[in-house]
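# Breakdown of the fold
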Amino acid sequence: MSAARVPAPRPDARSFGLLSLTVAATLALHATHLPLWLSPPLALLLTLRWLGFRRGRRFPALLRYALVLTLPLGVIATYGTLFGRLPGAALAVGLLVLKLTETETRRDVHIAVAFAAFTLMSALLFGQSLLQTLLVCAALAPALATLLALQPSAGATRAILKTAVLRLAAALPVTLLAFVLVPRLATPLWGAPGMQQARTGISASMSPGAIGQLLVDDSPAFRVGFDGPIPPRAQRYFRAVVLWHFDGRTWTSGSAARHLPLEPLQALGPTQRYTISMEATRQTLLPALDMPLQAPAATRFTAARTLLADRPVDHGLRYTVSSATAYRLQPHLGARERALGLQLPGDDDPRARALALHWRTRYGDNPVAIIDAALHRFHDDGYRYTLTPPPLGRQQIDDFLFDTRAGFCEHYASAFVFLMRAAGIPARVVAGYQGGYANRAADYLLVRQADAHAWAEVWLRGRGWVRVDPTAAVRPDRISLGAIAAAQGAGARWYQAAWLVGLRDRIDVLNRLWDQSVVGFNALRQRGLLTRFGVDPQRWQSVALALGGALAVALAFGLALALREPAGERDALGRAFDRLQRRLTRRDHPRQPGEAPAHYLTRVAADLPAEQAAALRALSTQFVRLRYASTQPAPRLAVRDWIRRARELKP
Amino acid sequence: MPDSSPQADLASLARLPPALAQVNALVLGKAHVVRLGFACLLAGGHLLLEDIPGVGKTTLAHALAATCGLGFQRVQFTSDLTPADIIGVGIYEQEQRRFKFHPGPLFTELLLADEINRGTPKVQSALLEAMAEGQVSVEGETRALPGVFTVIATQNPLDLAGTFPLPDSQLDRFLMRLSLGYPDAAAERALLTGSERRVLLRETRSVLTAADLLALRERVRAVSASPAVLEYLQALLGASRDHPDIRVGLSPRAGLALLAAARAWALLGGRSYVMPEDVQAVFIAVAAHRLQPQRNAERVALASALLAEVSVRA
Amino acid sequence: MSLLASLRARLARRHPSLLRQRPREALPIELGQRRIYVVPTAFGIGFGAMLIVMLLGALNYNNNAALLLTCLLGAACAQSMYGAFRALHGLRLEAIRAGHAEAGQALIVELRFAAPRRAHAGLCLHVDATRHDFSIAADTALSLPINLHTERRGWLDLPALKLESTWPFGLFRAWSWLRPDVRVLVYPARETAGPPPLGSGAESMPAPRSHELGEDYAGLRAYQPGDSPRRIAWKASARNATLLLRLHEPPDAQALWHLRWNALRGLDPETRIMRLARWVDEAQRGGQRWQLDLPAQSLGPDAGSAHYHACMSALALLP
């Protein structure tokens, strides 16, 4: 643009300090998932570099080259690759800090700020909770302040930071508009996002300890808003997956179950309609209250009436289902189902089989009696509920049933179903969630990962599949209070104080709102919203028109704001006089340059009809008195009176 | 105006209009200049009358002096006038065997310095110093001048040969510079038909007294200037300093002078507060001779241009 | 090449303020919207590209939080366009005051910018090849001194001034060309050394007449009160029965330098001007009175700075 650019001056210590702050914030936001060997050295390097820059030192080039070479080697050593979410983030953060070591010109600062913004964004790939997003957005403030500090005669640091924050705040309306209107991609342009990402929540198999990990995870799994009242806790069983096949160690759905027909369902009472907002699980399993009647759009039923999403839930999902809480599921069991429901692995766990046979011979063909016997055993024979059970040997079921007698839901469900099958009663394990927490601040149910649960279903003639929860036999409060409370022993804790519960409720309401409105705003919901505003999302012309129109409006609005000039430091009287003058000017009575206000008004009065002339002269006299007769500001009442009379004048 | 002011003040205030009328009766058709001259006296400033001979400069000075009841001295400035000639000399008195100071014409209430530009720079600076200080030092002794001491100086702009124009730095000792200009036709007819001015002057009675004048000056100082007026005044000063055709703009002292003159003008208008109109009325008289134009620009024209350019914020 | 030239000509006609070719305009100049141009800077283009990458990434990973962040950053940066515009809009170039300089010296010109309504930050003025950074608080004015390079005497048109700003984030650059209709007078250069003027007393001429007080009086006049008693001509007074005063010739305390163009025959005009300029300067410094006779005009006799500037202006403007 200009040939007269001064040759690259060193950025001042302040802009470098702000840049260091930006990078430090970026580092902090990534610290949770960076490898341990990386974050502390980077923080140390950043601090040293900042101190060095303030003393005017340059970073040794050789050391920098060495570090630039070491970083990717370290990342490869840790992750085995440079590509992917975690190694990419580690590499980006490392390079960002190293960029600071060679930042010597304004251009370098520019590049570093841009790179920092990019790295900040990548922090959101590891979680898009409300808090995380707010923190990342807040970290944009020092980034923008860095750019401001590079401006000539930029002003005080405090003013710069204030300007940066104000700019971000002012950007919010356009941000929201753009967020709503930017077309979402139907299919990703590259990669298969979420492939290597850890799955959370209930999985399609149950191996020892799988649910145990979940039980200590306090993060939300999903939230349920009921159309009617929230059902009682004992009814809140959300089935996610039905496990048919046991290989002695692990329960899975089993491949054979995939081809079974949908089990018929007969509702015996009123139905519940509710909407579930799922957190991202990166799986297709969707929980539904026992027993769902229909599969909502973009989902399907398995044979055992659990819901499967068409695509993995990577970014949350909302769906509405109706369920019958009193029902009869599959009154007539087919041969295939019966075979699957009685499947047992090889000849493991002989003691358990012997016990089951003993019951069978004792109670004959009375399944209810056998079930009662099993539940009584759990209840009376020294079984206890614990999240940290002693390890089990190869004969899992036997070890649990006869030796350790300690475990949690998955142990009980697994052992119970094993016993049932050994006694000739078709049974299966159901994994899902039980209980949940009714938020008092808003009418919905919060279900955490810690509410993950496993129970059993047995098939009884004439009644179909009947839910039996063996854990309840051991520890009824597991069902009435929740897993953690059950494991720790119930009792009021400080964190259960009413105010804290209320606060947590409110924060969870915010999180739910965030998940529903931002994280879950997918192509489908965008389409729905656009349609409501008369935009046809199927026709690109319509979308382009909407986008272009919104952009034009935003541009025009911005221009109008930019052209708006404040009135300056005028008082009310001065502004009112200016208004009067503008009105008189429109009536062809402009003020001469250099003409005093009172002179102007009296001069114009001479050109007006008598009545208005008198009014204008009175205005002039009063103005002089208000403006000039005292060294103190004019009394407010008198000024207001003048303003009113000036407004009433019709020249 | 504060109500607690003494009766004497009110009386002197009431005598202002007749005083003005009397001077206007002597100097015909120059009401505006007369009013400005009066304002100059009220503001306690010295007056420079610059015009060709014969338009009534001396008459105006006389009329002002007589109307205000001031002791009056006149000094004709010539090239051989020495400072001692106006200040006075110490003369040795045989009987008392000591020097006695014989005060010069300076020790009066109103001094008419005729053709001040004919005096040498030495005399000029002696006079200007006395004007600035209100006192003189003679032979190591400081002597105060009368409280109302005022100088009305005249100079002839055309007659340049053998003159010593007042330096720019000393011109601003004069609060105002006025030009009378030719009288209009009606005034000229009245002049021609009326009695001779000198006779009229001799018959003139004083309307005010020196004490009145001092009281009125006190009043002028009490006239209030609101922030809006000060803002306008500052805008004028600032504009004079920024004007491309002005080499040296108005000094802070010029600003004070402008304010004092505007206050006097406001008092003459019967107000106890200054309006922008007052500043405008006295601006050319007060400011023009203090402007130092860039090249041969006309000072009065520059001052008028400033007035037209600087807007008065309401 | 010709295509480029014609394009440039069309551009200059349509948007005179885009390029330098803008008619000169009278002060004060207020920067209105029609004369301010905004384009992204190199950094702005790079940053925009990065924003697009961020946008595609966020869309690809279907990550709405990242998308929101990208939109926020983008919207904040888009304001930079208005920010740069607003940094200039409403600014007034109120006055230009030029100092005095001789040809070849740097001429200091003071530009007075005013911000009538609000503060303007991050401004940068380009004159010739130098840049001046400044900012103005609301409702104040600022005098910005700039150095102009001078080459020859006479009128010097102020060069076109480019006022620009990349406020606030350096992503967009707004600029406006200012061509104030102001010319400044450059005084002629003085010759460095040369002879003193004739009649200056500095050369080997007989000293001018000196007067003793009391001698050589030119006449008498009547005594007035206040006249010095020492100057009373007692003998003449006795003869005339009134007190008479001696009148002296005007004291010739200061010799008059007569600087004449025509006396410098045989030199080329520029050398004459340079020599006269040196004499005028010496006279001014020495507190002399002098008279300058030029072909078309005569200045003085006079002394003082006003006279000095009048003489130097006349010399500067000689054809």
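The following paragraphs examine the structure supplied in this document. Treat the numbers as computed from the prediction; the structure is a model and nothing was measured.

Here is what the cut-offs are and how they apply
Residues numbered from 1 in each chain as written. Chains lettered and ligands numbered in written order. Predicted model: local features only at pLDDT ≥ 70, side-chain atom pairs only at ≥ 80, totals over all residues. Heavy atoms only, no water. Helix = DSSP H or I, 4+ residues; strand = E, 2+ residues; numbered from the N terminus. Expected span 1.5 Å × (residues − 1). Buried < 20%, exposed > 50% of the residue type's maximum accessible area, 1.4 Å probe, protein only. Patch = residues over 30% accessible without salt bridge, like charges linked within 9 Å, V, L, I, M, F, W, Y side chains within 5 Å. Areas by Shrake-Rupley, 256 points an atom, 1.4 Å probe, with all protein chains shown as cover. Salt bridge = Lys/Arg side-chain N within 4 Å of Asp/Glu carboxyl O. Core = buried A, V, L, I, M, F, W, Y, C linked by side-chain atoms within 4.5 Å. Contact = heavy atoms within 4.5 Å. Buried area = accessible area lost by both parts, 1.4 Å probe. Polar contact = N/O pair within 3.5 Å; in protein donor to acceptor, adjacent residues only side chain to side chain. Nonpolar A, V, L, I, M, F, W, Y, C, P; charged D, E, K, R; others polar. Phe/Tyr/Trp six-rings, centres within 6.5 Å; stacked < 30°, edge-to-face > 60°. Lys NZ or Arg CZ within 6 Å of the ring centre and 35° of its normal. Pairing = 2+ DSSP bridges. Axes fitted to C-alpha atoms, helices over the stretch in contact; angles between N-to-C directions.

## Thoughts on helix α5 (residues 106-123) of chain A
With 18 residues, α5 of chain A extends 26 Å between its outermost C-alpha atoms, agreeing within 8% with the 26 Å of an ideal straight helix rising 1.5 Å per residue. Most of α5 of chain A sits inside the fold, with 13 of its 18 residues counted as buried.

## Looking at a nonpolar patch on the surface
There is a patch of nonpolar side chains on the surface, built from L44, L48, W50 and L51 of chain A and spanning about 360 Å² of accessible area. The residue L51 of chain A is located in helix α2 (residues 39-54) in this model.

## Overview of the nonpolar core
Counting residues in hydrophobic clusters, the biggest one holds 113 residues, and the most contacted among them are F47, L73, L111, F113, L125 and L163 of chain C. For this core, the element with the most residues is helix α3 (residues 64-88) of chain C, which contributes 16 residues. Once you skip the residues sitting within four places of it in the chain, F113 of chain C turns out to touch L91, R92, L93, L125, F134, I136, T140, A141, L142, L144, L163 and L178 of chain C. Membership of the second largest hydrophobic core comes to 105 residues, among which are L573 and W642 of chain A together with L213 and A303 of chain B.

## Considering the interface of chain A and chain B
Contact residues are listed per partner, giving 19 residues for chain A and 19 residues for chain B. Counting each side, the surface lost to burial between chain A and chain B is near 1400 Å², with a carbon and sulfur contribution of 60%. Counting every contact that joins chain A to chain B gives zero salt bridges. Linking chain A with chain B are four residue pairs in polar contact (both at pLDDT 80 or more), by the criterion used here. With four residues, the single largest contributor to the side of chain A that touches chain B is helix α23 (residues 610-628) of chain A. Its residues assigned to classes, the side of chain A that touches chain B shows nine nonpolar, five polar and five charged.

## Here we look at the packing of aromatic side chains
Aromatic rings considered in pairs are described by the distance between their centres and by the relative angle of their planes. Evaluated as defined, the whole model comprises 20 aromatic pairs over all chains. Judged by centre distance (5.8 Å) and plane angle (35 degrees), the rings of Y37 of chain C and W175 of chain C are tilted. With Y37 of chain C in strand β2 (residues 37-40) and W175 of chain C in strand β10 (residues 172-178), this pair connects stretches of sequence that are 138 residues apart. With relative accessibility at 14%, the residue Y37 of chain C sits in the buried group. Ring pairing ties together the aromatic residues F378, Y383, F400 and Y412 of chain A, which thus form one cluster. Seen from the ring of Y600 of chain A, R591 of chain A lies directly overhead, with NZ or CZ sitting 5.9 Å from the centre. A cation over a ring is seen here: R271 of chain B above Y273 of chain B, with NZ or CZ 5.8 Å from the ring centre.

## A word on the interface of chain A and chain C
Between chain A and chain C, the residue contacts involve 62 residues of the former and 52 residues of the latter. Linking chain A with chain C are 10 residue pairs in polar contact (both at pLDDT 80 or more). When contributions to the side of chain A that touches chain C are tallied by element, the ones reaching two or more residues are α5, α6 (130-149), α7 (157-170), α8 (172-181), α18 (498-519) and α20 (540-563) of chain A. For the side of chain A that touches chain C, the class distribution of residues is 45 nonpolar, 12 polar and five charged.

## As for the sheet that holds strand β1 (residues 46-50) of chain B
Residues and elements named next belong to chain B. Spatially, five strands are ordered β2-β5-β8-β1-β9 in an open sheet, and the strand pairing comes out parallel. On the outer flanks of this sheet lie β2 (72-76) and β9 (174-178), each paired with one strand and no other. Averaged over all pairs of adjacent strands, the angle between their axes in this sheet comes to 20 degrees, without regard to strand direction. Two elements, β1 and strand β8 (residues 150-155), share four bridges in a ladder whose sense is parallel. If you follow L48 over to β8, its bridge partner there is A153.

## What about unusual backbone geometry?
Here the bond from D290 of chain A into M291 of chain A is cis, since omega is 10 degrees, no more than 30 degrees from zero. Inspection of the secondary structure assignment puts M291 of chain A in the loop between β9 (288-289) and β10 (299-301). In this structure, the amide linkage connecting W167 of chain C to the following residue, P168 of chain C, adopts the cis form with an omega of 0 degrees. Within the secondary structure, P168 of chain C is located in the loop between β9 (161-165) and β10. In this structure, A298 of chain A takes a positive phi of about 65 degrees despite not being glycine. Of note, the phi angle at R305 of chain A is positive, near 60 degrees, even though the residue is not glycine. Among the structural elements, R305 of chain A can be located in the loop between β10 and β11 (307-309).

## Concerning the pattern of salt bridges
Residues and elements named next belong to chain A. Tallying each qualifying case throughout the model produces 40 salt bridges over all chains. One salt bridge connects R239 with D290, and the closest N-O pair in it is separated by 3.1 Å. Of the two residues, R239 is situated in strand β3 (residues 237-243) and D290 in the loop between β9 and β10; the sequence distance between them amounts to 51 residues. Here R239 matches D290 in class, with each residue buried.

## Looking at the environment of D268 of chain C
Mapped onto the elements, D268 of chain C comes out in the loop between β14 (256-260) and α5 (269-285). Here the side chain of D268 of chain C touches T271 of chain C through a polar contact of 2.4 Å, side chain to side chain.

## Notes on the sheet that holds β10 of chain A
All names here are of chain A. Strand order in this open sheet of three strands is β8-β11-β10, and the pairing throughout is antiparallel. In the strand order of this sheet, the two ends are held by β8 (285-286) and β10, each with one partner. Bridging between β10 and β11 involves three bridges; their strand directions are antiparallel. What sits directly across from T299, in β11, is A309.

Take it as geometry only, folks, not as evidence of what the structure does.
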